[in-house]
Amino acid sequence: MAAPRKIALFRLPPLPTIGEVIKLYNLRAEKQLSQNFLLDMRLTDKIVRQAGSLRDAHVCEVGPGPGGLTRSILNAGAADLLVVEKDNRFIPGLNLLSEAAPGKLRVVHGDILTYRMDRGFPKVITKAWEDDPPDLHIIGNLPFSVSTPLIIKWLENISNRTGAFVYGRTRLTLTFQKEVAERLTASTASRQRSRLSIMAQYLCTVKSCFTIPGRAFIPKPEVDVGVVHFTPLAQPQIKQPFKLVEKVVRNVFQFRRKHCRKGIEMLFPETQRLELAEVMMHEADVDPTLRPTELSIPDIRALADAYSRLCSENQGLLTYDFREELRLKHLNRRSGSSTQQPV
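What you see is a predicted model, and the numbers here were worked out from it, not measured in a lab. (Residues numbered from 1 in each chain as written. Predicted model: local features only at pLDDT ≥ 70, side-chain atom pairs only at ≥ 80, totals over all residues. Heavy atoms only, no water.)

Caption draft 1: Layout of the side chain of T70. With respect to the secondary-structure elements, T70 resides in helix α3 (residues 68-75). Given the relative accessible area of 0%, T70 is considered buried. Within the structure, the side chain of T70 is placed 2.6 Å from the side chain of E61, a separation counted as a polar contact. When residues no more than four places from it in sequence are discounted, the contact partners of T70 are E61, P64, L81, V83, L94, L97 and L105. (Helix = DSSP H or I, 4+ residues; strand = E, 2+ residues; numbered from the N terminus. Buried < 20%, exposed > 50% of the residue type's maximum accessible area, 1.4 Å probe, protein only. Polar contact = N/O pair within 3.5 Å; in protein donor to acceptor, adjacent residues only side chain to side chain. Contact = heavy atoms within 4.5 Å.)

Caption draft 2: Seen up close, the environment of A284. Relative to the helices and strands, A284 is located in helix α10 (residues 273-284). Placed 14 residues apart in sequence, A284 and P298 show a C-alpha to C-alpha distance of 9.8 Å. Beyond its immediate sequence surroundings of up to four residues, A284 is in contact with A302, L303 and A306.

Caption draft 3: Focus on the UniProt feature "binding site: S-adenosyl-L-methionine" (unreviewed entry) in the protein. Feature annotation in UniProt places "binding site: S-adenosyl-L-methionine" (unreviewed entry) on N36, L38, G63, E85, D111 and N141, given in this structure's numbering. Every residue in contact with N36, bar those within four places of it in the chain, is listed here: N141, F144, F217, I218, P219 and P221. With respect to the helices, strands and loops of the structure, L38 is situated in strand β1 (residues 37-38). Excluding its chain neighbours within four sequence positions, the residues that come into contact with L38 are L43, T44, I47, N141, I212, A216 and F217. (UniProt positions renumbered as here; feature names shortened; annotations may be inferred.)

Caption draft 4: Focus on the packing of helix α5 (residues 144-160) against helix α8 (residues 242-253). As a packed pair, α5 and α8 sit with axes 10 Å apart at the nearest point and diverge in direction by 135 degrees. When the axis of α5 is compared with that of α8, the two are oblique. Where α5 abuts α8, its residues I152, L155, E156 and S159 lie against F242, K243 and E246. Partitioning the contact of α5 with α8 into residue classes produces 3 nonpolar, 1 polar and 3 charged. (Axes fitted to C-alpha atoms, helices over the stretch in contact; angles between N-to-C directions. Parallel < 35°, antiparallel > 145°, perpendicular 65-115°, else oblique. Nonpolar A, V, L, I, M, F, W, Y, C, P; charged D, E, K, R; others polar.)

Caption draft 5: The arrangement of the pattern of salt bridges in detail. Going through the model one piece at a time under the given rule, you end up with 15 salt bridges. Between E246 and R195 there is a salt bridge, with the nearest N and O atoms lying 3.4 Å from each other. Of this pair, E246 sits in helix α8 while R195 sits in helix α7 (residues 195-201), placing them 51 residues apart in sequence. With relative accessibility at 10%, the residue E246 sits in the buried group. Given a relative accessible area of 26%, R195 falls into the partly exposed group. Among the ionic pairs, R309 bridges to E283, the shortest N-O distance being 2.3 Å. Note that R309 is positioned in helix α11 (residues 297-313) and E283 in helix α10, a separation of 26 residues in sequence. One salt-bridge network, held together by shared partners, links R261, E265 and E278. (Salt bridge = Lys/Arg side-chain N within 4 Å of Asp/Glu carboxyl O.)

Caption draft 6: Layout of the pairing of strand β6 (residues 171-177). Counted residue by residue, β6 has 6 buried out of 7 residues, so it is predominantly covered. Where strand β5 (residues 136-140) meets β6, 4 bridges bridge the pair, whose relative direction is parallel. Within the sheet, the bridge partner assigned to G140 lies in β6 and is L174. Between β5 and its parallel partner β6, the chain crosses via α5, and the hand of that crossover is right-handed. Two strands pair when backbone bridges link them, and β6 and strand β9 (residues 225-232) are joined in this way by 6 bridges, in the antiparallel orientation. Across the sheet, the residue bridging to T173 is H229, located in β9. (Pairing = 2+ DSSP bridges. Right-handed = clockwise from strand over helix to strand, strands pointing away.)

Pasting the structure below:
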């Protein structure tokens, strides 16, 4: 019996180096866009390996820039790579790469914050949420300026199973400023524990992969970069709407050095603040003297569940914002003082 033949992996033909592409198209990293180029293919290959096997996979790359990470994804065997690039200066170089990988690379000139990823891939790759993740990955060396808004958007998409997550539990492999990466993966009671820690970890398994020194990028950023991998959980650890959870967590962490009760109180109008905060803490059975960083995800789940019940019993509570109450009080104060006439 003849031994089975190995299927040859696709390899890109000889191409100009990324450095040569940058010179060819006179590309420069724009500081105001937080752009930093990663030219070392050993590092881009290492980022891609964190995603797992990409053999015959579908991939969306965010902000490919001059295409270094794009080449590593193609060389890893991706069958269908969709790149979304906002900066039109990079489009000619990406089109050159597309010609070298016929049928494998699609270039979209657009903004990933508004791009409809739910229309980007064939429905046939869809997996049920409780099944294994689909053969679809999001990979990106993210500009620092958009990395936090993007991951919050994607976490909300995970919660609602929209966007790239209509296909199932799509995995993400992304770069962040090292400090943001540490917040995303921080454990309970650690110094870096934050709103991002809770929001990411109640929805995903979050793994810190490795750190890239800032000197590896051009231009060199002032900070190092962390690579983080996300796998959405089949069952979220908190079963409340994303916006409600985010509101509770945001309020708690705005007073991160104080007891958690201080932030909880600010969820409620001044006239009911102490009473409803007491009810919420008692129902959640959470120690009110814990610092926000000491709250576990089960603690946050209990608080979110208690807050949800209070919202159902108190009309308008969910949309209440203490900052707006303060703003109106300040305006009324100014208006009252301006109408007083001197005796």
